[in-house]
Amino acid sequence: MKDYPDKMTALQARAFGEDVLNIVSQIPRGRVMTYGHIAALAGWPSHSRMVGRTLRYSPGSEHLPCHRVVNKEGRTAPGWSRQRTLLEAEGVTFKSNGHVDMQQFLWEPIY
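Rules and cut-offs
- Residues numbered from 1 in each chain as written.
- Predicted model: local features only at pLDDT ≥ 70, side-chain atom pairs only at ≥ 80, totals over all residues.
- Heavy atoms only, no water.
- Core = buried A, V, L, I, M, F, W, Y, C linked by side-chain atoms within 4.5 Å.
- Buried < 20%, exposed > 50% of the residue type's maximum accessible area, 1.4 Å probe, protein only.
- Helix = DSSP H or I, 4+ residues; strand = E, 2+ residues; numbered from the N terminus.
- Contact = heavy atoms within 4.5 Å.
- Axes fitted to C-alpha atoms, helices over the stretch in contact; angles between N-to-C directions.
- Parallel < 35°, antiparallel > 145°, perpendicular 65-115°, else oblique.
- Nonpolar A, V, L, I, M, F, W, Y, C, P; charged D, E, K, R; others polar.
- Polar contact = N/O pair within 3.5 Å; in protein donor to acceptor, adjacent residues only side chain to side chain.
- Phe/Tyr/Trp six-rings, centres within 6.5 Å; stacked < 30°, edge-to-face > 60°.
- Lys NZ or Arg CZ within 6 Å of the ring centre and 35° of its normal.
- Expected span 1.5 Å × (residues − 1).

### A word on the nonpolar core
Judged by nonpolar contacts, the single largest core of 16 residues is most densely connected at F16, V20, V24, I38, V51 and L55. Among the elements of the structure, α1 (10–25), α2 (35–41) and α3 (48–57) are those that each provide at least two residues to this core. Sort the elements by how many residues they give to this core and α1 lands first, with four residues. Apart from residues no more than four positions distant in its own chain, V51 is found in contact with F16, V20, Y35, I38 and A39.

See below:
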């Protein structure tokens, strides 16, 4: 695993998790965000993988629109075939390579 120069304390990790869940809860229907963008908004831009772990392991995250989070290239999560179906049901389209059309569907909130 990569050694991060900006490691979190337990208190920072808890706050990061809360921030991630809050950001994801705001992603509008028919739009997507990236793990990296969420990490940056939460104040830890080098922790995009931790965003994924937070979404996977946090109690209550199953009630959030986690399907609206994709990687920077617009790829869906490996092993979660339902993610594409959920996005398509919201009107999100995919390019011929199977990636979300990020130019059209990326949501960048203004804070």
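### Concerning the packing of α1 against α3
Interhelical geometry of α1 versus α3 gives an angle of 75° and a closest axis separation of 10 Å. Comparing their axes, α3 and α1 come out roughly perpendicular. Residues A13, F16, G17, V20, L21 and V24 of α1 touch α3, and the partners they reach there are M50, V51, T54 and L55. Here the residues of the contact of α1 with α3 sort into eight nonpolar, two polar and no charged.

### Let's talk about the environment of Q104
Note that Q104 resides in helix α5 (residues 102–105). Accessibility expressed as a relative area gives 47% for Q104, which makes it partly exposed. Ignoring sequence-local partners within four residues, the contact set of Q104 consists of R31 and T93.

### Quick word on the side chain of T34
Tracing the backbone through its elements, the reader meets T34 in strand β1 (residues 33–34). Under the relative-accessibility criterion, T34 is labelled buried at 10%. Here H37 takes part through its backbone nitrogen, which lies 3.0 Å from a polar atom of the side chain of T34. Among residues more than four places away in sequence, those in contact with T34 are V69, V70, N71, K72, M102 and L106.

### Regarding the packing of aromatic side chains
Scanning the model with the defined rule gives zero aromatic pairs in all. Its guanidinium or amino end placed over the ring of F94, R84 lies 4.2 Å from that ring's centre, counting from NZ or CZ.

### Considering α1
Taking 1.5 Å per residue, 16 residues should reach 22 Å; α1 reaches 23 Å between its end C-alpha atoms and fits that length. Among the structural elements, β1, α2, α3 and β2 (69–70) are those in contact with the buried residues of α1.

### A short note on the side chain of T54
The topology assignment puts T54 in helix α3. Setting aside its immediate chain neighbours within four residues, T54 contacts F16, G17, V20 and L21.

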